Amino acid sequence: MAKFHFQLEAVLKQRLALERTKQLAVAGVEQERLAAEEELVACQQGIDRERRLMREMLRPAEDGSSRAVDLRGVRMQAGSSLALLGQASRGVFRLAAVHKRLEAARSELLKATTARKAVETLRERRYEAWVEEQKKKEAAAIKRALKKMRRSVN
């Protein structure tokens, strides 16, 4: 029996390889996104921690006695908090850029997937046509064999 051979198999393999490359690109940008989000979470936690510490430093003594506020320490806490706010702000811009790159990478992946599926659909159609052709050839061969048998019987 004949075996199906798709003439564009090399094109299909190339498109599969391109799609895998695009998948890896999306995965890389996705890792960057996760790292940027983790950095923002860490900044937010740091900001919250610094604010709690500053509140503690500014809170009056619980026993009602007057306590001197360590202005130098408060100033340092405020500076630390501002530094974390700046870091968080840079992280937000970084995350926005990563989201933009992620969107572009996903778009490229979609194009590559569509191109691969187009060749796979063509292969399926050609396979179905080949199967039909094989069935016709087989039917014609059976018909010829039956005619030959009828002639030999008569």
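Structural data are supplied above this passage.
Below you will find a few notes about this structure.

### A word on the overall build of the protein chain
Turning to step 1, where the next piece is worked out: A count of helical and extended segments in the protein chain gives two helices and zero strands.
Turning to step 2, where the next piece is worked out: Relative to a compact globule of 154 residues, whose C-alpha radius of gyration would be 15 Å, the protein chain shows 35 Å and is clearly more extended.
Turning to step 3, where the next piece is worked out: When the 154 residues of the protein chain are sorted by exposure, 21% land in the buried category.
Turning to step 4, where the next piece is worked out: Across the protein chain, contacts joining residues at least 24 apart in sequence account for 85% of those joining residues at least 6 apart.

### Some words on the packing of aromatic side chains
Turning to step 1, where the next piece is worked out: Inspection of the entire model under this criterion finds three aromatic pairs.
Turning to step 2, where the next piece is worked out: On the numbers, 5.2 Å between centres and 85° between planes, the contact of F4 with Y127 is edge-to-face. Taken as a pair, F4 in the segment before α1 (9-58) and Y127 in helix α2 (residues 71-153) lie far apart in primary sequence, 123 residues in all.
Turning to step 3, where the next piece is worked out: Among the residues examined, F4 registers a relative accessible area of 22% and is labelled partly exposed.
Turning to step 4, where the next piece is worked out: Every member of this aromatic cluster is reached through a ring pair, and the members are F4, Y127 and W130.

### Quick word on the nonpolar core
Turning to step 1, where the next piece is worked out: A36, L40, C43, I47, L84, A88 and L95 form the largest nonpolar core, which has seven residues in total.
Turning to step 2, where the next piece is worked out: Breaking this core down by element, the ones donating at least two residues are α1 and α2.
Turning to step 3, where the next piece is worked out: The element contributing the most residues to this core is α1, with four residues.
Turning to step 4, where the next piece is worked out: Other than its neighbours up to four places away in sequence, I47 contacts S81, L84, L85 and A88.

### Thoughts on the environment of L40
Turning to step 1, where the next piece is worked out: Structurally, L40 can be placed in helix α1.
Turning to step 2, where the next piece is worked out: Residue L40 is classed as buried on the basis of its relative accessible area, which comes to 18%.
Turning to step 3, where the next piece is worked out: A sequence separation of 25 residues divides L40 from R15, and the C-alpha atoms of the two residues are 37 Å apart.
Turning to step 4, where the next piece is worked out: When near neighbours in sequence (up to four residues on either side) are disregarded, L40 contacts A88, G91, V92 and L95.

### A short note on a positive patch on the surface
Turning to step 1, where the next piece is worked out: A contiguous patch of positive charge, built from K143, K147, K148, R150 and R151, is present on the exposed surface.
Turning to step 2, where the next piece is worked out: Tracing the sequence through the fold places K148 in helix α2.

Cut-offs used in this document
Residues numbered from 1 in each chain as written. Predicted model: local features only at pLDDT ≥ 70, side-chain atom pairs only at ≥ 80, totals over all residues. Heavy atoms only, no water. Helix = DSSP H or I, 4+ residues; strand = E, 2+ residues; numbered from the N terminus. Rg over C-alpha atoms; globule rule 2.2 N^0.38 Å. Buried < 20%, exposed > 50% of the residue type's maximum accessible area, 1.4 Å probe, protein only. Contact = heavy atoms within 4.5 Å. Phe/Tyr/Trp six-rings, centres within 6.5 Å; stacked < 30°, edge-to-face > 60°. Core = buried A, V, L, I, M, F, W, Y, C linked by side-chain atoms within 4.5 Å. Patch = residues over 30% accessible without salt bridge, like charges linked within 9 Å, V, L, I, M, F, W, Y side chains within 5 Å. Areas by Shrake-Rupley, 256 points an atom, 1.4 Å probe, with all protein chains shown as cover. Salt bridge = Lys/Arg side-chain N within 4 Å of Asp/Glu carboxyl O. Lys, Arg positive; Asp, Glu negative; His and termini not counted. Charge placed at Lys NZ, Arg CZ, Asp CG, Glu CD.

As far as function goes, none of this settles anything; it's purely spatial.
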